[in-house]
Amino acid sequence: MSNKILVTGGLGFIGSHTVVELVNAGYEPIIVDDLSNSNIKILDQLTTILGFKPVFHQIDLCDEAAVINMATAIPDLSGIIHFAAFKAVGESVKLPLKYYRNNFYSLINLLNAYYSKPLNFVFSSSCTVYGQPDQLPVTEDAPVKPAQSPYGNTKQIAEEILTDMVASGTNYKVISLRYFNPVGAHESALIGELPIGVPQNLVPFITQTASGKREKLTVFGDKYNTPDGSAVRDYIHVVDLAKAHVIALKLMEKDSFSGYDVFNLGTGNGSSVLEVIHAFESATGVKLPYQIGPAREGDVEQVWGDVTKSANVLGWRAELSLDTMMASAWEWEKYLNQNPL
Ligand code: WQD
């Protein structure tokens, strides 16, 4: 029985952290990445963390022939973890075809190429599929709301593709993991979130402001119907998230698992933007300059996950605190300032 796991998008933020946890669990990750939204130097960082250079192939998963060649060259997989996708909500509104093409071509080419194999397939999904939930915390059986962006739509439709594929009868076992807000960095501070250009997400903007790269953080809105008026999210440490992927593979390796299932990957707790800022300041001792600005278009007011099913069925629970998320993100930012990748 092979222990090889194909990790598409494996040089990205969550992908690279999952490569580390796969090795820790005795798997052999095979990284595939087209480098369109990641940095090849992360491979060197992983080599330092792991003590060996993981197998890496630069492949465009939108190129059907290349994916078929890959499946021929790498036939003996135990599973696939599919991270490779574009994920910037704002950019997806401006460039929808870029998102539909990349996120669907890559998924379908991959599923087709290994279709005849009995494989365990983990899909990187998102809490974005819930939109603004009617009830909080949001459970996996909450109604999927109309997507608020083409990015969110690609995640919703991808889950439908996987559901239909499994229902049609296939050798695949499939788990979709709906991430809430992944933040933080590996304890080594050698890998972490590596935004290209001006950060779109809160935590890298916080750390770049704290390091002086950005003048001031703007809090997008403080008139929401939340305790302090700023928007609420379920922030989860990327290492907790990475470990959940290993646990999902192990669940599918059991004969008792069949077909398709979905799990929320969050902490079950909501934190407001202002609470995150204060958590950063207390965890690092760094005062953060910020101003209040208008709400960001397309943002939901508040969302956090019900993680009961993940605890009881997946057998996973987040362990790391918001302070640890902030402290690790800051250590990574300081490392980057000394060692630009
Ligand atoms: C968080 C909060 C902003 C920047 C993202 C991804 C989405 C999904 C979940 C993967 C919001 C506020 C932000 C800033 C701010 N990830 N904010 N000032 O939008 O919840 O979703 O993570 O699937 O794909 O987009 O994350 O970090 O952008 O925003 O006030 O400079 O921080 O308004 O309330 P978001 P985010």
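Values in this document were obtained by computation on a predicted structure and should not be read as measured data.

How each quantity is defined
- Residues numbered from 1 in each chain as written.
- Predicted model: local features only at pLDDT ≥ 70, side-chain atom pairs only at ≥ 80, totals over all residues.
- Heavy atoms only, no water.
- Axes fitted to C-alpha atoms, helices over the stretch in contact; angles between N-to-C directions.
- Helix = DSSP H or I, 4+ residues; strand = E, 2+ residues; numbered from the N terminus.
- Parallel < 35°, antiparallel > 145°, perpendicular 65-115°, else oblique.
- Left-handed = near helix turned anticlockwise from the far one by under 90°.
- Contact = heavy atoms within 4.5 Å.
- Nonpolar A, V, L, I, M, F, W, Y, C, P; charged D, E, K, R; others polar.
- 1 Å grid on protein atoms, 1.4 Å probe; cavity = no way out; pocket = protein on both sides within 12 Å on 5 of 7 lines; lining within 4 Å.
- Points joined across faces, edges and corners; volume = space filled by probe spheres on them.
- pLDDT = per-residue confidence, 0-100.
- Phe/Tyr/Trp six-rings, centres within 6.5 Å; stacked < 30°, edge-to-face > 60°.
- Buried < 20%, exposed > 50% of the residue type's maximum accessible area, 1.4 Å probe, protein only.
- Near = heavy atom within 4 Å.
- Polar contact = N/O pair within 3.5 Å; in protein donor to acceptor, adjacent residues only side chain to side chain.
- Areas by Shrake-Rupley, 256 points an atom, 1.4 Å probe, with all protein chains shown as cover.
- UniProt positions renumbered as here; feature names shortened; annotations may be inferred.
- Pairing = 2+ DSSP bridges.
- Core = buried A, V, L, I, M, F, W, Y, C linked by side-chain atoms within 4.5 Å.

Asker: Can you walk me through the packing of helix α1 (residues 13-24) against helix α2 (residues 41-50) in this structure?
Answerer: Between two packed helices, both the angle of their axes relative to each other and the distance between the axes serve to describe the pair. Remark: α1 packs on α2, axes separated minimally by 11 Å, with the N-to-C direction vectors making an angle of 25°. If you check the angle between α1 and α2, you find them roughly parallel. The way α1 lies across α2 gives a crossing that is right-handed. Residues Ser16, Val19, Val20 and Val23 of α1 touch α2, and the partners they reach there are Ile42, Leu46, Ile49 and Leu50. Considered class by class, the residues forming the contact of α1 with α2 number seven nonpolar, one polar and no charged.

Asker: How should empty space enclosed by the protein be read in this particular structure?
Answerer: Empty space left among the atoms is revealed by rolling a probe the size of a water molecule over them. Taken as a whole, this structure holds one cavity of 30 Å³ or more when the rule is applied. Of the voids in this model, the largest cavity is the one considered here, and its volume is about 60 Å³. With three residues, helix α6 (residues 150-167) is the single largest residue contributor to the lining of the largest cavity. For the lining of the largest cavity, the class distribution of residues is six nonpolar, three polar and one charged.

Asker: Honestly, the confidence of the model for the chain in this entry has me stumped. Any pointers?
Answerer: Regions with low pLDDT carry predicted coordinates that are not meant to be interpreted in detail. Considering every residue of the chain, the mean pLDDT works out to 96; 100% of them sit at 70 or more. For this predicted complex, the interface confidence reaches an ipTM of 0.96, while the overall pTM sits at 0.97.

Asker: Hey, could you run me through the packing of aromatic side chains in this one?
Answerer: The geometry of two aromatic rings is summed up by the distance between their centres and the angle between their planes. With the rule as written, the count across this model stands at seven aromatic pairs. Aromatic side chains Phe280 and Trp330 sit 5.7 Å apart centroid to centroid with 80° between the ring planes, which places their arrangement in the edge-to-face category. Note that Phe280 is positioned in helix α9 (residues 273-284) and Trp330 in helix α11 (residues 322-338), a separation of 50 residues in sequence. The exposure classification of Phe280 matches that of Trp330, with both residues buried.

Asker: For this particular structure, what's the right way to read helix α7 (residues 202-210)?
Answerer: Among the nine residues in α7, nine count as buried, and that is most of the element. Those residues of α7 lying buried are Leu202, Val203, Pro204, Phe205, Ile206, Thr207, Gln208, Thr209 and Ala210. Of the residues trailing α7, Gly212 is marked for its positive phi of about 90°.

Asker: When you look at the site of the ligand in this model, what are you seeing that I'm missing?
Answerer: Neighbouring the ligand are 21 residues, the closest being Tyr151, Leu202, Thr218, Arg233 and Asp299. Gln200 has a polar backbone atom sitting 3.4 Å from an oxygen atom of the ligand. In this structure, Leu202 approaches the ligand through a main-chain N or O atom, which is 2.8 Å from an oxygen atom. Computed on the free molecule, the ligand has an accessible area of 680 Å², of which 92% lies beneath the protein chains in the complex. For the shell around the ligand, the secondary structure elements donating two or more residues are α7 and β8 (217-220). Looking at the shell around the ligand, the element that brings in the most residues is β8, giving four residues. Partitioned by chemical class, the residues of the shell around the ligand number 11 nonpolar, six polar and four charged.

Asker: Just checking my understanding: could you explain unusual backbone geometry for this structure?
Answerer: One can expect most non-glycine residues to show negative phi and most peptide bonds to be in trans. Omega for the peptide link from Leu136 to Pro137 comes to -5°, which places this bond in the cis form. By the element assignment, Pro137 lies in the loop between β5 (120-126) and α6. For Leu35, which is not a glycine, the phi torsion comes out positive at approximately 65°. Within the secondary structure layout, Leu35 lies in the loop between β2 (28-33) and α2. The class of Leu35 is partly exposed, set by a relative accessible area of 23%. Of note in the backbone geometry, Ala189 takes a positive phi value of approximately 60° without being a glycine. Structurally, Ala189 can be placed in the loop between β7 (181-183) and α7.

Asker: I tried to follow the UniProt feature "domain: NAD(P)-binding" (unreviewed entry) in the chain on my own but got confused; where do I start?
Answerer: With numbering aligned to this structure, UniProt lists the feature "domain: NAD(P)-binding" (unreviewed entry) at residues 6-327. With 38% helix and 17% strand, residues 6-327 has end C-alpha atoms that lie 31 Å from one another.

Asker: Just checking my understanding: could you explain the pairing of strand β4 (residues 79-82) for this structure?
Answerer: Side-chain positions along a regular strand alternate between the two faces of the sheet. On β4, burial covers both faces: Gly79 and Ile81 on one face and Ile80 and His82 on the other are all buried. In the sheet, β4 pairs with β5 via four bridges, with the strands oriented parallel. Each residue of the ladder has a partner; that of Ile81, found in β5, is Val122.

Asker: Help me understand the environment of Pro133, please; the structure alone is not making it clear to me.
Answerer: Assignment of secondary structure puts Pro133 in the loop between β5 and α6. Residue classification places Pro133 among the buried positions, given a relative accessible area of 10%. Spatially, the C-alpha atom of Pro133 lies 21 Å from that of Leu202, the residues being 69 residues apart in sequence. Discounting chain neighbours no more than four positions away, the residues touching Pro133 are Val138, Lys145, Gln302 and Val303.

Asker: I keep staring at the nonpolar core and nothing clicks. Help me out?
Answerer: When a protein is soluble and globular, its nonpolar side chains tend to lie buried together. One finds Leu22, Leu46, Ile175, Leu177, Leu249, Leu265 and Leu314 to be the most contacted residues of the largest nonpolar core, which totals 36 residues. For this core, the secondary structure elements donating two or more residues are β1 (4-8), α1, α2, β6 (173-179), α8 (238-252) and β11 (260-265). Element by element, the count of residues in this core is highest for α8, at nine residues. Of all hydrophobic cores here, the second largest spans 24 residues; its members include Leu61, Ile74, Phe121 and Val166.

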